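Next come the chains, spelled out residue by residue.
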Amino acid sequence: MLSEIRQFVERKVIGDSIPSLVRWGKSVPPGLMRRLQAEEFRKVIRYAAARQKFFRHKLGEAGVDPGSVRGPEDLGEIFTTPEDLITLPAEDFLCREPQAVFETTGTSGGPKHVYFSYEELDFAARYQAAALWESGVRPGDRALCTFDAGYWISSWVTFLAAKQIGVFCSAIGKPAPAEVFERLRLYRYNVLLADPTWLVSLSEIAESQGALPMKFIFAAGDRMTSAYRDYVQKVWHAPVILGYGSTEMGGGAGMECRARSGYHLDDYNMLFEILNPDPEGYGELVMTTLSRRTMPLIRYRVRDVARWIPEPCPCGAPLRRISPIRGRRDEMVVMGAGNMHPEIFENVMRGVEGIEENWQVAVRQEGVHDILEFRLQLSNGREPEAVERRVRENLEKRYPEIWANHTCGMYRMAFRFLPPGSLPLGRKPKRLVDERAG
Ligand SMILES: [Zn+2]
């Protein structure tokens, strides 16, 4: 039975055009999808056990027989971590001769190196092409991709994806937005793929000089707050669709559909788990690559925190959905208010007028009490009391359970209004800091 399914999949997935891949992808019953994933998982486990030094060593340490592994739960505490990729030589992970390498910078330590074959890059591009097609990108459109190139993967995979659907594409690295703005008219781009902060800069130019018609805008690579998304959509009169991925995931791992409610994951090529979910279901994403053979990653600790969205999507795709990324596991702060993530405060600050963009929330300790301290810089001569009231209202309205922990005395709140310019934050501002001792 499974080999029949396999033949069916290989014919449909590898042989057919992108539009028929999309049609087929949407017709697979979820139960069959889970069985295919389970079968692919067992295959990659046996493959890596035979060829990958790192995984073989882990299995030996834990005394696990790869032949007995049926699902991730049978691997117990066996994981691959970002630190493993940074500190161990590539040879420990490579299962065959690679043809390409990409890098990604970690939050600590040096770059991680991830190797591929050409075939694997084309294969990853095929699924990105399907996602673009499903979003409405068609031959005749002209795509401009300004994801960072160099050793980053997303620019290259996007270019290969555009090629597979026959769409005009310039993947040009990440030039200054002004340089690109001058060429929008010349090359008649109507699809943009870029990271959120770059899109905001381009949109600022467009707002003052006039925006050209756009069909779609895809954003990935950084977190896009809803304030940024609303602004970009308003300037270009086009929907902004978000993608999720990384170099370790081979580029894209998930994308919003037109319902724009969470990311549909690439269940064909990756098996995701959510580790140690909290009572709301949020936990760390763990990913196993199902189809890559050059450098498969077994139960890779992604460090991003999200939860499943179990309800079926109105778009009808059988691909599982996760929530927007709540934050990095290493940015999570466990305190009296609950498990706090930077995303929570981005939502609380949304719509608060009279403060500068670079605010910060710190968790401090006074005696035995946790203090949630909002550090804000006033602008436009607003009264601090009005700003404070608005922040409290937003927290109460948008996160009633966090507010409930406040009213029952689990933590206290404090507000510090700082002179402008006293919170110099970098490109990726640290919104939430834990300053408690030990
Ligand atoms: Zn959907």
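Keep in mind it's a predicted model, so treat the numbers as computed, not measured.

1. Remarks on the overall build of the protein chain
Along the protein chain, the regular secondary structure elements total 13 helices and 21 strands. Here the C-alpha atoms of the protein chain give a radius of gyration of 23 Å, agreeing with the 22 Å that 2.2 N^0.38 yields for 438 residues. The C-alpha extent of the protein chain, read off along each of the three principal axes, is 70 × 60 × 40 Å. Of the contacts formed within the protein chain by residues at least 6 apart in sequence, a portion of 65% connects residues at least 24 apart. By element, 52% of the accessible surface of the protein chain is carried by carbon and sulfur atoms, the whole surface being about 20,100 Å². Charged side chains in the protein chain number 58 positive and 57 negative. The centres of these two groups are separated by 5 Å.

2. What to know about the packing of aromatic side chains
Within this structure, the stated rule accounts for twelve aromatic pairs. Ring centres of Phe54 and Phe93 lie 4.8 Å apart, and the angle between their planes is 35°; this geometry places the pair in the tilted category. You can see Phe54 sitting in helix α4 (residues 53-62) and its partner Phe93 sitting in the loop between α5 (82-87) and β1 (100-105), a full 39 residues away along the chain. Here the aromatic rings of Phe102 and Phe116 are separated by 5.9 Å at their centres, their planes lie at 65°, and the arrangement is edge-to-face. Placement of Phe102 in strand β1 and of Phe116 in strand β2 (residues 111-116) is noted, with a sequence separation of 14 residues between them. Through a chain of ring-to-ring contacts, three or more aromatic side chains come together here, namely Trp24, Phe123, Tyr127 and Tyr268. In this structure, Arg293 packs its charged tip against the face of Tyr47, placed 4.9 Å from the ring centre. A cation over a ring is seen here: Arg326 above Tyr282, with NZ or CZ 3.8 Å from the ring centre.

3. Quick word on the sheet that holds strand β19 (residues 369-377)
Across the sheet, which stays open at both edges, the four strands sit in the order β20-β19-β18-β21 with mixed pairing between neighbours. A single partner strand is all that each edge strand has here, and the edge strands are β20 (412-418) and β21 (432-434). Recorded for the sheet is a direction-independent mean angle of 25° between the axes of neighbouring strands. Taken together, the seven bridges between β19 and β20 define a ladder with parallel strand orientation. Opposite Ile371, over in β20, you have Arg412 as the bridge partner.

4. Focus on the coordination of the zinc ion
Around the zinc ion, the protein supplies Cys257 (SG), His264 (NE2), Cys313 (SG) and Cys315 (SG) as donor atoms, at distances of 2.1 to 2.3 Å. Here the zinc ion binds four donor atoms, and the angle range of 102 to 114° at the metal identifies the geometry as tetrahedral. Sequence spacing of the donor residues for the zinc ion, all on one chain, is C-x6-H-x48-C-x1-C. Residues Cys257 and His264 agree in their burial class; the two are buried.

5. Some remarks on the packing of helix α2 (residues 18-27) against helix α6 (residues 118-135)
Across the interface, α2 lies against α6 with an axial gap of 9 Å and an inter-helix angle of 80°. Between α2 and α6, the interaxial angle falls into the category roughly perpendicular. Residues Ile18, Pro19, Leu21, Val22 and Lys26 of α2 form the contact with α6, whose participating residues are Arg126, Tyr127, Ala129, Ala130, Trp133 and Glu134. Residue composition of the contact of α2 with α6, by class: eight nonpolar, no polar and three charged.

6. Re the nonpolar core
Ranked by internal contacts, the top residues of the largest apolar core, which has 86 residues, are Leu184, Phe218, Val232, Trp236, Leu285 and Ile322. Sorting elements by how many residues they give to this core places α6 first, with seven residues. Among all residues touching Val232, those that are not within four sequence positions of it are Leu199, Val200, Ser203, Ile217, Met224 and Val240. If you look at the next biggest cluster of nonpolar residues, it comprises 26 residues, including Ala337, Ile344, Trp403 and Phe415.

7. So, unusual backbone geometry
With phi around 55°, Arg188 is a residue other than glycine that occupies positive phi space. Structurally, the position occupied by Arg188 is in the loop between α8 (177-187) and β5 (191-194). Look at Arg188 and you get exposed, because its relative accessible area is 56%. Of note, the phi angle at Arg303 is positive, near 75°, even though the residue is not glycine. Tracing the backbone through its elements, the reader meets Arg303 in strand β12 (residues 300-306).

8. Focus: helix α12 (residues 384-398)
The α-helix winds at 3.6 residues per turn, so residues separated by three or four positions along the chain end up facing the same way. Given a rise of 1.5 Å per residue, 15 residues ought to cover 21 Å, and the 21 Å separating the end C-alpha atoms of α12 matches this to within 8%. Packed against the buried residues of α12 are α11 (342-349), β19, α13 (400-407) and β20.

9. Digging into the pattern of salt bridges
The final tally for this structure, using the stated rule, is 24 salt bridges. A salt bridge links Asp92 to Lys53, with the nearest nitrogen and oxygen atoms 3.6 Å apart. In this pair, Asp92 sits in the loop between α5 and β1 while Lys53 sits in helix α4, placing the two residues 39 residues apart along the sequence.

10. Re the domain arrangement of the protein chain
Annotation of the protein chain at the domain level lists domain 1 (1-329) and domain 2 (333-434). In this complex, domain 1 contributes 14 residues to the contact, which on the side of domain 2 involves 13 residues. Along the contact surface separating domain 1 from domain 2 lie one salt bridge. In this structure, Arg326 engages Glu343 in a salt bridge whose closest nitrogen and oxygen atoms are separated by 3.4 Å. Along the contact surface separating domain 1 from domain 2 lie one residue pair in polar contact (both at pLDDT 80 or more). Tallying contributions element by element places helix α10 (residues 226-236) first for the side of domain 1 that touches domain 2, with three residues. Taken together, the residues of the side of domain 1 that touches domain 2 sort by class into four nonpolar, three polar and seven charged.

Parameters and conventions
- Residues numbered from 1 in each chain as written.
- Predicted model: local features only at pLDDT ≥ 70, side-chain atom pairs only at ≥ 80, totals over all residues.
- Heavy atoms only, no water.
- Helix = DSSP H or I, 4+ residues; strand = E, 2+ residues; numbered from the N terminus.
- Rg over C-alpha atoms; globule rule 2.2 N^0.38 Å.
- Contact = heavy atoms within 4.5 Å.
- Areas by Shrake-Rupley, 256 points an atom, 1.4 Å probe, with all protein chains shown as cover.
- Lys, Arg positive; Asp, Glu negative; His and termini not counted.
- Charge placed at Lys NZ, Arg CZ, Asp CG, Glu CD.
- Phe/Tyr/Trp six-rings, centres within 6.5 Å; stacked < 30°, edge-to-face > 60°.
- Lys NZ or Arg CZ within 6 Å of the ring centre and 35° of its normal.
- Pairing = 2+ DSSP bridges.
- Axes fitted to C-alpha atoms, helices over the stretch in contact; angles between N-to-C directions.
- Donors = N, O, S within 2.8 Å, 3.2 Å for Na, K, Ca; no water.
- Tetrahedral: all angles 85-135°; square planar, octahedral: opposite > 155°, others 65-115°.
- Buried < 20%, exposed > 50% of the residue type's maximum accessible area, 1.4 Å probe, protein only.
- Parallel < 35°, antiparallel > 145°, perpendicular 65-115°, else oblique.
- Nonpolar A, V, L, I, M, F, W, Y, C, P; charged D, E, K, R; others polar.
- Core = buried A, V, L, I, M, F, W, Y, C linked by side-chain atoms within 4.5 Å.
- Expected span 1.5 Å × (residues − 1).
- Salt bridge = Lys/Arg side-chain N within 4 Å of Asp/Glu carboxyl O.
- Domains from an automatic or database assignment.
- Polar contact = N/O pair within 3.5 Å; in protein donor to acceptor, adjacent residues only side chain to side chain.

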